[in-house]
Amino acid sequence: MEALEALYSRRSIKGFTDQMPTLEEIERVTKAGMAAPTGMGLQSPYIVVVKNRELRDELSRMNGEVLGTSSDPFYNAPVIIVVLADRSRGTYLYDGSLVIGNMLNAAHAIGLGACWIHRAKEVFASERGKALLAEWGVVTGGEDVEGIGHVALGYAAVEPKLAKPRKEGYVRVI
């Protein structure tokens, strides 16, 4: 898919099949995330791909608790990509956001569905979230890592909603 066409046509997918994306597809998506620009090239983000169903379901429950729901905030996506970033970098939040944006666009470009799911900050500020970071080797000592977001990834089971019209005055050329 042409790059601009992908950017213009991407929409959030809020319903997934159980079919697991291939390792090659996941690698293509995460490689796009790693290609995102970061402040001073310091690469503050971390990308954690969760394919394990048990762990994925635990993250869903944790995210749902923050949201105040028992439903699956990940829309049944078989893969959850967690994006975290080192808070010691002044641009960490922007860096992590760009990583997520690149991965959302890459997923769409290769025929996968994806959706940015919030509440990673709260999930990974919890005691269990901190323990997961240590288990995953993201935090090994004094690092100050914050959850930026989750990417729900898989094959779409639903048609995305149509794009809302762009607001009047969105772009101003001076």
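Basis of the calculations
- Residues numbered from 1 in each chain as written.
- Predicted model: local features only at pLDDT ≥ 70, side-chain atom pairs only at ≥ 80, totals over all residues.
- Heavy atoms only, no water.
- Helix = DSSP H or I, 4+ residues; strand = E, 2+ residues; numbered from the N terminus.
- Rg over C-alpha atoms; globule rule 2.2 N^0.38 Å.
- Buried < 20%, exposed > 50% of the residue type's maximum accessible area, 1.4 Å probe, protein only.
- Contact = heavy atoms within 4.5 Å.
- Areas by Shrake-Rupley, 256 points an atom, 1.4 Å probe, with all protein chains shown as cover.
- Axes fitted to C-alpha atoms, helices over the stretch in contact; angles between N-to-C directions.
- Left-handed = near helix turned anticlockwise from the far one by under 90°.
- Nonpolar A, V, L, I, M, F, W, Y, C, P; charged D, E, K, R; others polar.

Trainee: I'm lost on the overall build of the protein chain in this one. Help?
Mentor: Tallying secondary structure elements over the protein chain gives six helices and four strands in all. If you list the helices and strands of the protein chain from N to C, you get α-α-β-α-β-α-β-α-α-β. In terms of C-alpha radius of gyration, the protein chain reaches 16 Å, essentially the compact-globule figure of 16 Å for 174 residues. Here the protein chain holds 174 residues, and 42% of them are scored as buried. Restricting the contact set of the protein chain to residue pairs at least 6 apart, pairs at least 24 apart contribute 83%. Of the accessible surface of the protein chain, which amounts to about 10000 Å², a share of 53% is contributed by carbon and sulfur atoms.

Trainee: Even after reading the chapter, I still don't get the packing of helix α3 (residues 53–67) against helix α6 (residues 127–135), so can you show me in this structure?
Mentor: Between α3 and α6, whose axes approach to 11 Å, the crossing angle comes to 150°. Considering the relative orientation of α3 and α6, their crossing is left-handed. Between α3 and α6, the residues in contact are Leu55, Glu58, Leu59 and Met62 and Arg128, Gly129 and Leu132, respectively. When the residues that make up the contact of α3 with α6 are grouped by side-chain class, the tally is four nonpolar, one polar and two charged.

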